[in-house]
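# Examination of the molecular architecture
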Amino acid sequence: MVHSIKDIDMGKIDDDIKNNIGKCYLIYGEDSFRRKSYEERFKKKIADEASQMMNVSVFNDVKTTAGQVIEAAETFPFLNDRRLILVKDCGFFSEGKKNESDLLAEYIADVPETACILFSEEKADKRLKLYKAVSKTGICEEIRPFDEKALIDLIGKKLEKSEIKITRALCAYMVRNSG
């Protein structure tokens, strides 16, 4: 079973996670497993396990307001350099919450150095001000499902790391006949 996506390069976001995390990100796409993996990587990079309770705010309700997100971003981290504000599937990147989305778009340029806002959505409307603000200030990355070749490569790498020898043909068979 695949537990992480560290072996799959997502480009700019991976570079930031490895080096220097910025103020704002949007990851979106139907692959909820991979989005969750990125969310966990951001949590681990920003706050160790002991301080996550105090330095990670998670919003995962469509009733979440822009004010709640902004308030969390303005809260100073506790015994840590940064706070992570994780905003999951709250709908800020859809027409239904345009007013709230516009408030966040105005705020994005003013996110303090002590905060990192990570939006994680299934869908994102690229026409909205918030999408444009995040792409200007931070990084927007669409996470597409793996194609067959990428899955075969990933399975092969994971099994190889576990010192299990398998042929590429058997990996392909597993991908084509699972799920």
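Predicted model only: the values in this text are computed from it and were never measured.

Let's shift gears to the pattern of salt bridges. Within the structure shown, the criterion is met by 12 salt bridges. Of the charged contacts in the structure, one is a salt bridge between Lys 98 and Asp 102, with a shortest N-O distance of 3.2 Å. Taken together, the residues span about one helical turn, with Lys 98 and Asp 102 both in helix α5 (residues 98–108) at a distance of 4 residues. Residue class for Lys 98 comes out partly exposed when judged on its relative accessible area of 34%. Exposure remark for Asp 102: the relative accessible area of 14% places this residue in the buried category. Via salt bridges that share partners, Lys 36, Glu 40 and Lys 43 belong to a single interconnected network.

Any residue range with low pLDDT should be treated as having predicted coordinates unsuitable for detailed reading. Mean pLDDT over the protein chain stands at 87; residues scoring 70 or higher make up 90%. Predicted confidence is poor over residues 1–9, with pLDDT under 50, and the contacts of this stretch with residues over four places away or in other chains come to 23 contacts.

Moving on, we come to the packing of helix α4 (residues 66–74) against α5. Between α4 and α5, the least distance of the axes is 9 Å, while the angle of their chain directions is 25°. Considering their axes alone, α4 and α5 lie roughly parallel with respect to each other. Contact with α4, carried on its side by Ala 66, Gly 67, Val 69, Ile 70, Ala 73 and Glu 74, involves Glu 100, Leu 103, Leu 104 and Tyr 107 of α5 and no other residues of that element. In terms of residue class, the contact of α4 with α5 is made up of 7 nonpolar, 1 polar and 2 charged.

For the rest of this paragraph, the subject is unusual backbone geometry. Look at Leu 79: it is not a glycine, yet its phi comes out positive at around 50°. Its place among the elements puts Leu 79 in the loop between α4 and β3 (83–88). What makes Leu 79 exposed here is its relative accessible area of 75%.

Along the polypeptide, Ser 101 turns up in helix α5. Look at Ser 101 and you get buried, because its relative accessible area is 0%. A polar contact is formed between the side chain of Ser 101 and the backbone oxygen of Phe 92, at a distance of 2.9 Å. Residue contacts for Ser 101: discarding those within four places in its chain leaves Phe 92, Leu 128 and Leu 130.

A few words on the packing of aromatic side chains. One pass over the structure, following the stated rule, counts 3 aromatic pairs. An angle of 75° between the planes, with centres 6.1 Å apart, marks the rings of Tyr 28 and Tyr 131 as edge-to-face. In this pair, Tyr 28 is assigned in strand β1 (residues 24–28) and Tyr 131 in helix α6 (residues 129–137), connecting sequence segments 103 residues apart. For Tyr 28, a relative accessible area of 7% translates into the label buried. A cation sits over an aromatic face here: Lys 97 above Phe 92, 4.2 Å from the ring centre.

A disulfide bridge is the covalent bond that connects two cysteines by way of their sulfur atoms. Counted according to the given criterion, the structure contains 0 disulfides. For the unlinked cysteine Cys 116, the closest cysteine sulfur is that of Cys 24, found at 7.4 Å.

Look at helix α7 (residues 148–161) against helix α8 (residues 168–176): their axes get within 9 Å of each other, and the N-to-C directions meet at 120°. When the axes of α7 and α8 are compared, the pair comes out oblique. The crossing of α7 and α8 is right-handed. Within the contact between the two elements, α7 uses Glu 148, Lys 149, Leu 151, Ile 152, Asp 153, Ile 155 and Gly 156 and α8 uses Arg 168, Cys 171, Ala 172, Met 174, Val 175 and Arg 176. Grouping the constituent residues of the contact of α7 with α8 by class yields 7 nonpolar, 1 polar and 5 charged.

Reading guide: rules and limits
Residues numbered from 1 in each chain as written. Predicted model: local features only at pLDDT ≥ 70, side-chain atom pairs only at ≥ 80, totals over all residues. Heavy atoms only, no water. Salt bridge = Lys/Arg side-chain N within 4 Å of Asp/Glu carboxyl O. Helix = DSSP H or I, 4+ residues; strand = E, 2+ residues; numbered from the N terminus. Buried < 20%, exposed > 50% of the residue type's maximum accessible area, 1.4 Å probe, protein only. pLDDT = per-residue confidence, 0-100. Contact = heavy atoms within 4.5 Å. Axes fitted to C-alpha atoms, helices over the stretch in contact; angles between N-to-C directions. Parallel < 35°, antiparallel > 145°, perpendicular 65-115°, else oblique. Nonpolar A, V, L, I, M, F, W, Y, C, P; charged D, E, K, R; others polar. Polar contact = N/O pair within 3.5 Å; in protein donor to acceptor, adjacent residues only side chain to side chain. Phe/Tyr/Trp six-rings, centres within 6.5 Å; stacked < 30°, edge-to-face > 60°. Lys NZ or Arg CZ within 6 Å of the ring centre and 35° of its normal. Disulfide = S-S within 2.5 Å. Left-handed = near helix turned anticlockwise from the far one by under 90°.

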